[in-house]
Amino acid sequence: MATRAYVFIETEVGKTKDVVSALRKLEGMKSVDLVTGPYDIIAVMEGKTSDTIGKLRLRKRYKSRL
């Protein structure tokens, strides 16, 4: 069974569409939704284990910044 992570994201004003577009291209990303409230985006990542998700998140975080 896969492990799922829900990621709550705040973006800079005017950058939300760019962030959504970039997130949707990532391996392991199951959904990316715009929301209202304190966060701008809720993304759902899926991997074999929580360690897999953590490594994917960190690798993408430092590889390219939005």
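Preceding this section is the structure that the text describes.
The rules we used
- Residues numbered from 1 in each chain as written.
- Predicted model: local features only at pLDDT ≥ 70, side-chain atom pairs only at ≥ 80, totals over all residues.
- Heavy atoms only, no water.
- Core = buried A, V, L, I, M, F, W, Y, C linked by side-chain atoms within 4.5 Å.
- Buried < 20%, exposed > 50% of the residue type's maximum accessible area, 1.4 Å probe, protein only.
- Contact = heavy atoms within 4.5 Å.
- Salt bridge = Lys/Arg side-chain N within 4 Å of Asp/Glu carboxyl O.
- Helix = DSSP H or I, 4+ residues; strand = E, 2+ residues; numbered from the N terminus.
- Polar contact = N/O pair within 3.5 Å; in protein donor to acceptor, adjacent residues only side chain to side chain.
- Pairing = 2+ DSSP bridges.
- Axes fitted to C-alpha atoms, helices over the stretch in contact; angles between N-to-C directions.

If you look at the biggest cluster of nonpolar residues, it comprises 11 residues: A5, I9, V19, V20, L23, M29, V32, I41, A43, M45 and I53. Sequence-distant contacts of A43, defined by excluding residues within four places in its chain, comprise A5, Y6, V7, I9, M29, S31 and V32.

Turning next to the pattern of salt bridges. Applying the stated criterion across every chain, the model contains one salt bridge. Of the charged contacts in the structure, one is a salt bridge between R4 and E46, with a shortest N-O distance of 2.8 Å. Of the two residues, R4 sits in strand β1 (residues 3–9) while E46 sits in strand β3 (residues 41–47), which places them 42 residues apart along the sequence. When its relative accessible area of 48% is taken as the criterion, R4 is described as partly exposed. The exposure class assigned to E46 is partly exposed, which follows from its relative accessible area of 24%.

The next subject is the environment of E46. Each C-alpha atom, one on E46 and one on T3, is 5.6 Å from the other, the two residues being 43 residues apart in sequence. Aside from chain neighbours lying at most four places away, what touches E46 is A2, T3, R4, G28, K30 and I53. Within the structure, the side chain of E46 is placed 2.8 Å from the side chain of R4, a separation counted as a polar contact.

Moving on to the sheet that holds β1. If you walk across this open sheet you meet the three strands as β1-β3-β2, and the pairing is antiparallel. Of all the strands in the sheet, the pair left with one neighbour each is β1 and β2 (29–34). Sheet twist, expressed as the average angle between the axes of neighbouring strands with direction ignored, equals 15 degrees. With five bridges joining them, β2 and β3 adopt antiparallel strand pairing. Within β3, the residue paired with M29 across the bridge is M45. The sheet strands contacting helix α1 (residues 16–24) are β1, β2 and β3, and the helix crosses β2 at an angle near 165 degrees.

Without other data, these values stay purely geometric and don't point to any function.
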